[in-house]
Amino acid sequence: MVHFQHIEYLLALALVPLMILLYVFVLRSKKNTIKKIGDPALVNQLIKDYSPAKFLIKFILIVTAFVAGIIALANPRMPKGTTIVNRSGIDVMIALDVSKSMLADDIKPSRLERAKQFIERLIDKLPDDRIGIVVFAGRAYLQMPLTTDHSAAKMYLSSATPDVVPTQGTVIGDALKMCYAAFNTKEKKYKSVVLVSDGEDHDKTAEKVTKAMAEEGVMINTVGIGSPEGTTIIDPATGVTKTDAEGRPVITKLNEKELQSIAANGNGLYELFTNTNDVVNGIDTQLKKMGQHSITENSLVNFKNFFPWLLGLALILLVAEFFVSEVKKLAVVKKIIIKKETAALMAMLILPSLLFAQNSNTLIQNGNYAYNKKEYDVAVDNYKKAADKEPANETAQYNLGNAFYKKGDAEEALKAYDEAIKFSKSKSDQSGSWYNKGVSLQNNKKLPESIDAYKNALRLNPTDEDARFNLQKALLQQQKQQQQKDQQDKDKRKPKDDQQKDQQPQYKNKDQQPKPQPSKMTKKEAEEKLKALLQQEKNLQNKLRKVDAASPDKPEKDW
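Since this is a predicted model, take the numbers as computed values, not measurements. (Residues numbered from 1 in each chain as written. Predicted model: local features only at pLDDT ≥ 70, side-chain atom pairs only at ≥ 80, totals over all residues. Heavy atoms only, no water.)

A. View of the pattern of salt bridges. Following the criterion strictly, the structure yields 17 salt bridges and no others. Its salt-bridge partner being Glu321, residue Lys58 comes within 2.5 Å of it at the nearest N-O pair. Separated by 263 residues along the polypeptide, Lys58 in helix α3 (residues 52-74) and Glu321 in helix α10 (residues 307-323) bring together distant segments of the chain. Here the two residues Lys58 and Glu321 agree in accessibility, since each one is buried. Among the salt bridges present, the one from Lys211 reaches Glu207, with a minimum N-O distance of 3.5 Å. One end of the pair, Lys211, and the other, Glu207, are both in helix α7 (residues 206-215), four residues apart, so they sit about a helical turn from each other. Here Glu207 falls in the partly exposed class, since its relative accessible area comes to 41%. Each of Asp106, Arg111 and Asp198 takes part in salt bridges that share partners, so that together they form one network. (Salt bridge = Lys/Arg side-chain N within 4 Å of Asp/Glu carboxyl O. Helix = DSSP H or I, 4+ residues; strand = E, 2+ residues; numbered from the N terminus. Buried < 20%, exposed > 50% of the residue type's maximum accessible area, 1.4 Å probe, protein only.)

This is the structure in structure tokens:
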């Protein structure tokens, strides 16, 4: 469906009725002048070479050229829909373990960071393959469906942390099921899963799921991250070593046996992470053994613009008007010279608009090329020039925001997204700008603003699951911040007597310490008091165990 990019320019069409009134006024003025001159026969003899019909034709040509020029400035355009892109490759779902055990630093800087590094290198090795990402801990979530947009895949990968999954633990079976659901179930070839985990599985359904997927033609490769000796986990919420229910430090170890079993049952390869390039080459070689099939997909193209055709029409009409003379016979060299100057002046007024619009599109295309090559400084420069030339160009502003985000300049990115939102003509485009603004705000710890941005994105596009997921994540982070603030406020309100006790000097010698007051409680009363306290503690533990037993969705372990 055709729509206008700059609909506000169409207001200039209001001048057309004024031009028609002016034309009528000129005709009446000529008639009145003829009457005032004198003898009608003499006047008709003097103007016998004048042609009213040609004068009308010239007027129509000029008005039509004006209308075509105004419509061209408004830039009518229509979505090109989709273009079919054919490529040869396979579908690869990457299942990334983001449980707290992946924060262990037996592989520096951490298991999770090295896993991300491996996946990013692997994506670069699969330029023609479709990539999807599933993150999992106590539950599995589809982070990104299968796509050839590898830049988007890397962006989603960079935001994968234990915070994106509210339920902690490790359930490999659920992650494999989620990967299988993302595939085209009609095909039984050219599908693979790359599972990146430390293998510390708290749910023993992985083997059964793996065999079922292998029967459906899915190859499952596994990469083990961690060391067999294991290490402790630093809980990011508290900053101290994580302990189990009995208060002992949790030691997380690489479970190679589990990952090897999954790879064997899934007709795939197990790789122990040692060196990033070696593991990437090993998995890439294994994937190439599957062969490749032709992948046909729809690639969205922005718009088909009609302004060049309209500007060309306006120019042709002006040239035609130049060759139409108001007189019937007389050669009027002087008039021709004037017309040439008028045509040149009109061309000078219209052609810059054409070149201006073409130049903006060229700058955006140059920016896109630099962006895809990760030359974000060059991309920013081109997008900024396009935005300066045409501030209402929503594409330039949106792409400028993305380039600033990649550079790490959050403030400039937010300004560009605001401009894109301001000039967006469709709800989907505006929703996308709100979503990207929310991501930038969330990454800069501006949670209330990011929550508002995600809500605006969902109001415009209620089906945006990514915005819904990030909104939930931001709300959880805000809740955690509020809890920390409440604890700090509680510490500040600590009674002065307690603060004074904390600030009392410590005595170095036993003799200098204050002597304890003799207890007024008898020995028997003390024993009964202690017994009652122990019974209360026992009752509380029993109650907690019953609550845990009544929560089947809660994982047994949260790392």
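That was the structure; now back to the text.
B. Looking closely at the packing of aromatic side chains. Following the criterion strictly, the structure yields seven aromatic pairs and no others. Where Phe322 meets Phe323, the ring centres are 4.8 Å apart and the plane angle is 75°; that geometry is what we call edge-to-face. Of the residues examined, Phe323 reaches a relative accessible area of 64% and is grouped as exposed. Their ring planes at 50° and their centres at 6.0 Å tell us that Tyr435 and Tyr454 sit as a pair that is tilted. Pair noted here: Tyr435 is in helix α15 (residues 427-443) and Tyr454 is in helix α16 (residues 447-460), with a separation of 19 residues, a long-range link. (Phe/Tyr/Trp six-rings, centres within 6.5 Å; stacked < 30°, edge-to-face > 60°.)

C. Fine view of unusual backbone geometry. The residue after Lys108, namely Pro109, is reached through a cis peptide bond having omega -5°. Among the structural elements, Pro109 can be located in the loop between β4 (91-97) and α4 (111-124). The phi dihedral of Asn75 is positive, around 55°, even though this residue is not glycine. Mapped onto the secondary structure, Asn75 falls in the loop between α3 and β2 (76-79). For Lys445, which is not glycine, the phi torsion reads 65° and is therefore positive. Structurally, Lys445 is set in the loop between α15 and α16.

D. Highlighting the pairing of strand β6 (residues 140-147). The pairing of strand β5 (residues 130-136) with β6 spans five bridges and is classified as antiparallel. For Phe136, the partnering residue across the bridge sits in β6 and is Ala140. Hairpin remark: β5 followed by β6, antiparallel, with three residues in the connecting loop. (Pairing = 2+ DSSP bridges.)

E. Seen up close, the nonpolar core. Counting 53 residues, the largest nonpolar core has Leu96, Phe118, Val196 and Val223 as its most contacted members. By residue number, the principal contributor to this core is α4, which donates six residues. In this structure, Val223 is in contact with Phe118, Val194, Leu195, Val196, Ser197, Leu259, Tyr270, Glu271, Phe273, Val279 and Ile283, ignoring residues within four places of it in sequence. Counting residues in hydrophobic clusters, the runner-up holds 23 residues, among them Ala140, Ala175, Val209 and Leu259. (Core = buried A, V, L, I, M, F, W, Y, C linked by side-chain atoms within 4.5 Å. Contact = heavy atoms within 4.5 Å.)

F. Structural view of the sheet that holds β6. Strand order in the open sheet formed by six strands is β6-β5-β4-β7-β8-β11, with mixed pairing between adjacent strands. Lying at the two open borders of the sheet, with one neighbouring strand each, are β6 and β11 (270-272). With strand direction ignored, the average angle separating the axes of adjacent strands in the sheet is 15°. Pairing geometry for strand β8 (residues 218-224) and β11, over three bridges, is parallel. What sits directly across from Thr222, in β11, is Tyr270. Sitting on the sheet, helix α9 (residues 276-288) touches β4, β7 (191-197), β8 and β11, and the angle it makes with β8 is about 170°. (Axes fitted to C-alpha atoms, helices over the stretch in contact; angles between N-to-C directions.)

G. The pairing of β8, seen in detail. Burial within β8 is extensive, with seven of its seven residues counted as buried. Of the two faces of β8, the one lined by Val218, Ile220, Thr222 and Gly224 and the one lined by Met219, Asn221 and Val223 are each fully buried.

H. Spotlight on the packing of helix α13 (residues 394-407) against α15. Interhelical geometry of α13 versus α15 gives an angle of 20° and a closest axis separation of 11 Å. Regarding the angle of α13 to α15, the classification is roughly parallel. Read as a crossing pair, α13 and α15 show a hand that is left-handed. Contacts between α13 and α15 pair Glu394, Tyr398, Asn402 and Tyr405 from the former with Asp429, Gly432, Ser433, Asn436, Val439, Ser440 and Asn443 from the latter. Across the contact of α13 with α15, the residue classes break down as three nonpolar, six polar and two charged. (Parallel < 35°, antiparallel > 145°, perpendicular 65-115°, else oblique. Left-handed = near helix turned anticlockwise from the far one by under 90°. Nonpolar A, V, L, I, M, F, W, Y, C, P; charged D, E, K, R; others polar.)

I. Up close: helix α6 (residues 172-182). By the burial criterion, the buried members of α6 are Ile172, Gly173, Ala175, Leu176 and Cys179. In a view along the axis of α6, the buried residues occupy a sector of 160°, so they form one face of it. (Arc of directions from axis to C-beta.)

J. Structural detail: a nonpolar patch on the surface. A surface patch of nonpolar side chains, amounting to about 300 Å² of accessible area, comprises Leu15, Leu18 and Leu21. Mapping Leu21 onto the fold places it in helix α1 (residues 15-37). Classification of Leu21 by relative accessible area gives exposed; the value is 57%. (Patch = residues over 30% accessible without salt bridge, like charges linked within 9 Å, V, L, I, M, F, W, Y side chains within 5 Å. Areas by Shrake-Rupley, 256 points an atom, 1.4 Å probe, with all protein chains shown as cover.)

K. Representation of the packing of α16 against helix α17 (residues 465-492) in the model. Relative to each other, α16 and α17 sit at 155°, their axes nearing to 9 Å. Regarding the angle of α16 to α17, the classification is roughly antiparallel. For the pair α16 and α17, the sense of crossing is left-handed. Side by side, α16 and α17 meet where Leu447, Pro448, Ser450, Ile451, Tyr454, Lys455, Ala457 and Leu458 of the first sit next to Ala467, Arg468, Asn470, Leu471, Ala474, Leu475, Gln477, Gln478 and Gln481 of the second. Each residue belonging to the contact of α16 with α17 can be placed in one class, and the counts come to 10 nonpolar, five polar and two charged.

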